[in-house]
Amino acid sequence: FFIKSAMKTDSPVVGLSSASDVDQALMNESDRLVVIRWGRNGDPMCNQIDKLLESAASQCINSAIFCTVDIKEVPDFVIEYKLYDPYVLLFFHRRKIVRVQTSSSEETYIDSLYPLTKKSLYAMVEATHKSVCIKQK
């Protein structure tokens, strides 16, 4: 319910403003990936990655939903997920973190050191979604 109602907003990227919102996003999405950008809203690197997420969202609509979490506003997950970089992208499927399929390897997360483009993000989302779908069969 949460994700479906949130997707009716003007933005293709859902801002999660509490630990409960994060939990709901992860619980309510069973088929698509939930890609969360953890960082500080207003940080230039986060702003840049948020624009990238917005630009890729329509292409990835069947395989992922993109969310953002401001770790100053929602610090609950900082230690658990080791959120110390300017931003971190974590991919979840059925409430569990999944390894991200990049063009050269599998990664636990994507951070500010990984060069991202709309094309590479789309490829990552599609490859990771395909991988988790194969594993659940």
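Residues numbered from 1 in each chain as written. Predicted model: local features only at pLDDT ≥ 70, side-chain atom pairs only at ≥ 80, totals over all residues. Heavy atoms only, no water.

A. How the structure looks around the overall build of the chain. The helix and strand inventory of the chain stands at five helices and eight strands. What you see in the chain, going N to C, is helices and strands ordered as α-β-α-β-α-β-α-β-β-β-β-β-α. Whereas a compact globule of 137 residues would reach a radius of gyration of roughly 14 Å, the chain reaches 14 Å, a difference of no more than 12%. For the chain, the spread of C-alpha atoms along the principal axes amounts to about 35 × 35 × 30 Å. Within the chain, residue pairs in contact and separated by at least 24 positions form 71% of the contacts whose partners lie at least 6 positions apart. Within the structure as shown, the chain displays about 7600 Å² of accessible surface, and the carbon and sulfur contribution to it stands at 52%. Distance between charge centroids for the chain: 7 Å, based on 17 positive and 17 negative side chains. (Helix = DSSP H or I, 4+ residues; strand = E, 2+ residues; numbered from the N terminus. Rg over C-alpha atoms; globule rule 2.2 N^0.38 Å. Contact = heavy atoms within 4.5 Å. Areas by Shrake-Rupley, 256 points an atom, 1.4 Å probe, with all protein chains shown as cover. Lys, Arg positive; Asp, Glu negative; His and termini not counted. Charge placed at Lys NZ, Arg CZ, Asp CG, Glu CD.)

B. Region of interest: the pairing of strand β4 (residues 87–93). Across the seven residues that make up β4, a large majority, seven, are buried. Alternating residues of β4 divide into Y87, L89, F91 and H93 and V88, L90 and F92, and every residue in both groups is buried. Sheet analysis places strand β2 (residues 33–39) next to β4, joined by six bridges and oriented antiparallel. Across the sheet, residue W38 finds its bridge partner in β4, namely V88. Pairing of β4 with strand β8 (residues 110–111), which is carried by two bridges, proceeds in the antiparallel orientation. Bridge pairing in β8 places V88 opposite D111. Examined bridge by bridge, β4 and strand β5 (residues 96–97) share two bridges and lie antiparallel to one another. Bridged to H93 within β5 is K96. (Buried < 20%, exposed > 50% of the residue type's maximum accessible area, 1.4 Å probe, protein only. Pairing = 2+ DSSP bridges.)

C. Just helix α3 (residues 44–57), in detail. An ideal rise of 1.5 Å per residue puts 20 Å on 14 residues; α3 measures up with 20 Å between its terminal C-alpha atoms. Taken together, the buried positions of α3 are C46, I49, D50, L52, L53, A56 and A57. Viewed end-on, α3 has its buried residues packed into an arc of 160 degrees, placing them on one side of the element. In α3, the exposed positions angled more than 90 degrees off the buried face are occupied by P44, Q48 and K51. (Expected span 1.5 Å × (residues − 1). Arc of directions from axis to C-beta.)

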